[in-house]
Amino acid sequence: MKTITILGATGSIGTSTLDLIEREPERFEVLALTANCDVARLAAAAIRTRAKRAVVADEGCLADLRSALAGTDIKCAGGRAAVIEAATMGADITMGAIVGCIGLEPVMAAIQGGKTVILANKEPLVSAGDVVLAAAAKYGATLLPADSEHNAIFQCFDAARPERVRRIILTCSGGPFRTWSTAEMRSVTPEQAVAHPNWSMGAKISVDSATLFNKGLELIEAARLFPVPHDSIEIVIHPQSVIHSLVDYVDGSVLAQMGPPDMRTPIAHCLAWPDRMATPMAPLDLVAIGRLDFEAPDPERFPALRLTREALNMGGARPAILNAANEIAVAAFLAREIGFLEIAAIVDDTLSVYHPAAPGTLGDVLAVDAEARSIARRQVGYRNGALMKDSVV
Ligand code: NAD
Ligand code: MG
């Protein structure tokens, strides 16, 4: 029996994680479940799993949570500090499934417990890779990657002989606009951008998958997690999302991990690691899939690929600035304040005007993140103003 805490239990990854652990109640005992403010879903999951604690990050939602859990012995709490505290309850396994860099502090708190931390939440690794990895080493925590590509690499990578790895190949579905021209992408709506062809995910990562910032963030994530030179990590477009990534060795052997495009497979791999556990999906039907296609990515139509590669190579604060600006731009796009192509433009603008020193501590990263957000918000304001003027004319 292992105890588990799910940070971000009401989202796409959180829901998939709950689905798996609820199938094996004799194997997992829930300590805490957290959400931003989705009280109905959080309370229902807490009752079903007999969680010890349920936490909303938005304190304004605490009263509703209390009434939803009235008459149970589930402890309720609210506010950012309460989420961080929930991460310190000593769970054997913590699932980091909050979206965005806002998940960094709770993940760091879980790491300090020295147990297993599963990272779906990729933004903290992008923004604060060195800080996160140093803390994991210091406290003896085990980090397991749930992102499907990184989980695939983890399964194929010979950690004892990293020098025998020639390349890591990250696969990328290409997103919903894989074949669209830049001109066609100009008028993309939030509804079109979140409709991913293969995966069902939260809104933010769906937009990232459409701009290909998701693949760029994953490039940085892979560079943090696996000890290979940055330029030996390549990206290839693979529209079927059946191969989740590959590792190429010096002898020419290329190992790939395949599976259905369902996050429950990589999540199950992490939950049971180093053992395996069953998932409810049908076995992969290769004959029904028929063929696997591959294409080169196009950094002209998808500038996110260039921006993320540059940020990775320059290092220091660049990945944190890129991530923060992207989070602000995606939120502005979803709120219809800017157009789709302006997401990358705002990231580019923010990177060009802000050049802080390399962050060395968690506090430094949070400061860079906050400043980059306020710069990006100003950029949104300028562009939004321009957009409105355009529409008046
Ligand atoms: P989601 O939007 O579906 O869920 C996000 C969760 O975080 C929810 O429980 C929400 O209540 C919580 N949350 C939101 N804002 C918060 C805040 N300010 N404070 C505390 N909690 C907050 O997102 P998702 O698609 O499940 O993605 C979660 C993370 O996993 C992201 O970092 C994403 O990049 C990564 N990821 C997701 C997928 C996927 O298939 N969905 C795949 C790989 C990686
Ligand atoms: Mg992924």
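Residues numbered from 1 in each chain as written. Chains lettered and ligands numbered in written order. Predicted model: local features only at pLDDT ≥ 70, side-chain atom pairs only at ≥ 80, totals over all residues. Heavy atoms only, no water.

Below, the discussion takes up the overall build of the protein chain. Within the protein chain one finds 17 helices and 11 strands. In terms of overall dimensions, the protein chain is globule-like: its C-alpha atoms have a radius of gyration of 21 Å, near the 21 Å expected for 393 residues. Burial status across the protein chain gives 54% buried among its 393 residues. Excluding contacts between residues fewer than 6 apart, the proportion of contacts in the protein chain whose partners are at least 24 apart in sequence is 69%. Of the accessible surface of the protein chain, which amounts to about 16,500 Å², a share of 54% is contributed by carbon and sulfur atoms. Charged side chains in the protein chain number 36 positive and 45 negative. The centres of these two groups are separated by 2 Å. (Helix = DSSP H or I, 4+ residues; strand = E, 2+ residues; numbered from the N terminus. Rg over C-alpha atoms; globule rule 2.2 N^0.38 Å. Buried < 20%, exposed > 50% of the residue type's maximum accessible area, 1.4 Å probe, protein only. Contact = heavy atoms within 4.5 Å. Areas by Shrake-Rupley, 256 points an atom, 1.4 Å probe, with all protein chains shown as cover. Lys, Arg positive; Asp, Glu negative; His and termini not counted. Charge placed at Lys NZ, Arg CZ, Asp CG, Glu CD.)

In this section: the nonpolar core. Of all hydrophobic cores here, the largest spans 58 residues; its most connected members are Phe340 and Ile343. Residue contributions to this core peak at 10 residues, all from helix α15 (residues 318–334). Every residue in contact with Ile343, bar those within four places of it in the chain, is listed here: Val207, Thr211, Phe213, Asn326, Ala329, Val330, Phe333 and Ile338. With 40 residues, the next largest nonpolar core counts Ala9, Ala35, Val39 and Trp199 among its residues. (Core = buried A, V, L, I, M, F, W, Y, C linked by side-chain atoms within 4.5 Å.)

On the secondary structure map, Gly60 appears in the loop between β3 (53–56) and α3 (62–68). Classification of Gly60 as exposed rests on a relative accessible area of 64%. Considered as a pair, Gly60 and Gly78 are 18 residues apart in the sequence and their alpha carbons are 7.9 Å apart.

Below, the discussion takes up the coordination of the magnesium ion (ligand 2). Looking at the magnesium ion (ligand 2), one finds its protein donor set to be Asp147 (OD), Glu149 (OE) and Glu218 (OE), positioned 2.1 to 2.2 Å from the metal centre. In the primary structure, the donors to the magnesium ion (ligand 2) are separated according to the pattern D-x1-E-x68-E. Of this pair, Glu149 sits in helix α7 (residues 148–156) while Glu218 sits in helix α11 (residues 213–225), and the two are 69 residues apart along the sequence. With respect to burial, Glu149 and Glu218 carry one shared label: buried. (Donors = N, O, S within 2.8 Å, 3.2 Å for Na, K, Ca; no water.)

To continue, consider the state of the cysteines. Within the structure shown, the criterion is met by one disulfide. Between the sulfur atoms of Cys37 and its disulfide mate Cys61 the distance is 1.9 Å. Taking the sign of the S-S torsion, -95° for the link of Cys37 and Cys61, the bridge is left-handed. Of this pair, Cys37 sits in the loop between β2 (28–35) and α2 (39–49) while Cys61 sits in the loop between β3 and α3, placing them 24 residues apart in sequence. According to the relative accessible area criterion, Cys37 is partly exposed, its value standing at 34%. Residue classification places Cys61 among the buried positions, given a relative accessible area of 6%. (Disulfide = S-S within 2.5 Å.)

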